[in-house]
Amino acid sequence: MAKALALISGGLDSILAAKLVEEQGIEVIGLCFKSYFFNEENAVRMTKQIGIPLKVIDFSEVHFEMVKNPKHGHGKNMNPCIDCHALMMNYAGKLLDELKADFIITGEVLNQRPMSQNKGSLNVVKKESGFADKILRPLSAKVLPETQMELDGLVDRDKLLGLSGRGRKDQMELAEKWNIKEYPSPAGGCKLTEPNYSKRLKDILKYKKEVLERDLNLLKIGRHFRVSEGCKIISTRTFEEGEELKVLLMEEDLVFLAKDYKGSMVVITGNAGSEDIEMAAKITARYCKGRMEENIAVRYGKYKHPLNNLIEVNQASDEELDKYMIK
């Protein structure tokens, strides 16, 4: 029996590609890649629906190094889709022998994404992967050149599809046919495709020499402001964000809370100067329940220490928020 490794992103297309090949009596093992910018949660849910095993590969550090300077550039935001897909396929190709598999499946659909899934980009991905003759795209196979797997008789080309473009009707009909009930929207999953996250990532790469996993996770929480190069201000929007933020804080981080009112928890990470501290206090005042008051007392100090420092400020103005917010 032939065996295939299916790249499972957690979206509908990749799971349909895996199922389409499995329907030919081919054993399919799912591969999901985990990084600082996406995880395996959706892939786990999706593979359970079609009953194939899933192997999770954490390539966070290698992926992040590629994100900083991708050979083929970024997409609309900070998403280096061409380089990312090629990197995943390279990892998958190197697992073929170990897992005794014959070829690789991906859920890419020709022209579904104008920049990363046109014919030229798909060919670049194959070439850059190092395993061009081992890659099958079952959903668009009939509008792409015949692969070695089809020529060798491992896969019946007549039972593959010829999808092209951004329409989702055919995929949704297949999902219904195979009783795949729950699947995320096509745009979900990768933080690098999100405009706000991407702007924050560009900012931290510009101002911080050594970016750690903690820094990347902090980018996901609250509102972000930069007053000076040496530090950043984060303001939570909800109680839940405050709880998430506490998990990531270190003892040297400064925490700001309005003395007499409930509201946002504000944090400074990095080396804060007097201007940073004053603005953090003004942001705390802006997003607390007493924001209509003229002067608001704000307590601050190092995380896990008493907030013994006190400063009275007016709330940050719209102009100041617009000037310093990373958006």
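Structural data are supplied above this passage.
Residues numbered from 1 in each chain as written. Predicted model: local features only at pLDDT ≥ 70, side-chain atom pairs only at ≥ 80, totals over all residues. Heavy atoms only, no water.

(A) Quick peek at the overall build of the protein. Helix and strand counts for the protein come out as twelve helices and eleven strands. Projected onto its principal axes, the C-alpha coordinates of the protein cover approximately 75 × 35 × 35 Å. Each of the 327 residues in the protein was classed as buried or not, and the buried ones make up 51%. Across the protein, the fraction of contacts at a sequence separation of at least 24, relative to all contacts at a separation of at least 6, is 63%. For the protein, the accessible area works out to roughly 16,600 Å², and carbon and sulfur atoms hold 47% of it. Side-chain charges in the protein split into 50 positive and 49 negative, and the spacing between the mean points of these groups amounts to 2 Å. (Helix = DSSP H or I, 4+ residues; strand = E, 2+ residues; numbered from the N terminus. Buried < 20%, exposed > 50% of the residue type's maximum accessible area, 1.4 Å probe, protein only. Contact = heavy atoms within 4.5 Å. Areas by Shrake-Rupley, 256 points an atom, 1.4 Å probe, with all protein chains shown as cover. Lys, Arg positive; Asp, Glu negative; His and termini not counted. Charge placed at Lys NZ, Arg CZ, Asp CG, Glu CD.)

(B) Broad picture of helix α7 (residues 169-177). Of the positions making up α7, those classed as buried are Gln171, Leu174 and Ala175. Looking straight down α7, one finds its buried side chains confined to an arc of 100°; they lie on one side. Across α7 from its buried face, at more than 90 degrees, point the exposed residues Lys169, Glu176 and Lys177. Looking at the buried residues of α7, the elements they touch are α1 (12-22). Count one or two residues on from α7 and you reach Asn179, which has phi positive near 60°. (Arc of directions from axis to C-beta.)

(C) Structural detail: the sheet that holds strand β4 (residues 103-105). Pairing is parallel across the open sheet formed by five strands, whose spatial order is β3-β2-β1-β4-β5. On the outer flanks of this sheet lie β3 (54-58) and β5 (135-136), each paired with one strand and no other. The sheet contact formed by strand β1 (residues 3-7) and strand β2 (residues 27-34) spans five bridges and is parallel. Note that in β2 the partner of Leu5 across the bridge is Ile29. (Pairing = 2+ DSSP bridges.)

(D) Representation of the pairing of strand β10 (residues 296-302) within the structure. Burial analysis of β10 places five of its seven residues in the buried class, the great majority of the element. As paired strands, strand β8 (residues 254-258) and β10 are joined by five bridges and run antiparallel to one another. Paired with Ala258 across the two strands is Val298, which belongs to β10. Where β10 lies against strand β11 (residues 309-313), five bridges are found, and the strand directions are antiparallel. Residue Ile296 lies in a different strand from β11, and its bridge partner there is Val313. Taking the residues between adjacent antiparallel strands as the criterion, β10 and β11 are bridged by six residues, where Lys304 takes a positive phi near 70°.

(E) Seen up close, the layout of surface pockets. What the second largest pocket holds in volume is close to 310 Å³. Lys208, Asp215, Gly230, Thr269 and Gly270 are the residues nearest the centre of the second largest pocket, which is lined by 18 residues in total. For the lining of the second largest pocket, the secondary structure elements donating two or more residues are α8 (195-207), α9 (213-218), β7 (231-235) and β9 (266-270). If you tally residues by element for the lining of the second largest pocket, the top one is α9, at three residues. For the lining of the second largest pocket, the residue count by class is six nonpolar, four polar and eight charged. (1 Å grid on protein atoms, 1.4 Å probe; cavity = no way out; pocket = protein on both sides within 12 Å on 5 of 7 lines; lining within 4 Å. Points joined across faces, edges and corners; volume = space filled by probe spheres on them. Nonpolar A, V, L, I, M, F, W, Y, C, P; charged D, E, K, R; others polar.)

(F) Representation of the sheet that holds β9 within the structure. With respect to topology, six strands assemble into an open sheet ordered β6-β7-β9-β8-β10-β11, the strand pairing being antiparallel. Edge positions in the sheet fall to β6 (223-225) and β11, since each of these pairs with one other strand and no more. Geometrically, the sheet is characterised by an average inter-axis angle of 25° between neighbouring strands, direction not taken into account. (Axes fitted to C-alpha atoms, helices over the stretch in contact; angles between N-to-C directions.)

(G) Here's a closer look at the packing of helix α4 (residues 81-95) against helix α5 (residues 119-129). At a minimum axis separation of 8 Å, α4 and α5 run at an interaxial angle of 40°. It follows from the interaxial angle that α4 and α5 lie oblique. Where α4 crosses over α5, the two elements pack in a sense that is right-handed. For the pair formed by α4 and α5, the contact residues are Ile82, His85, Ala86, Met89 and Asn90 on the first element and Ser121, Val124, Val125, Glu128 and Ser129 on the second. Looking at the contact of α4 with α5, its residues break down into five nonpolar, four polar and one charged. (Parallel < 35°, antiparallel > 145°, perpendicular 65-115°, else oblique. Left-handed = near helix turned anticlockwise from the far one by under 90°.)

(H) Expanded view of the side chain of Ser35. As for its placement among the helices and strands, Ser35 is situated in the loop between β2 and α2 (41-50). A residue is classified by how much of its surface remains accessible, and Ser35, at 8% relative accessible area, is buried. A polar side-chain atom of Ser35 sits 2.9 Å from the main-chain amide nitrogen of Phe37. Those residues in contact with Ser35, other than ones at most four positions away along the chain, are Phe59, Ser60 and His63. (Polar contact = N/O pair within 3.5 Å; in protein donor to acceptor, adjacent residues only side chain to side chain.)

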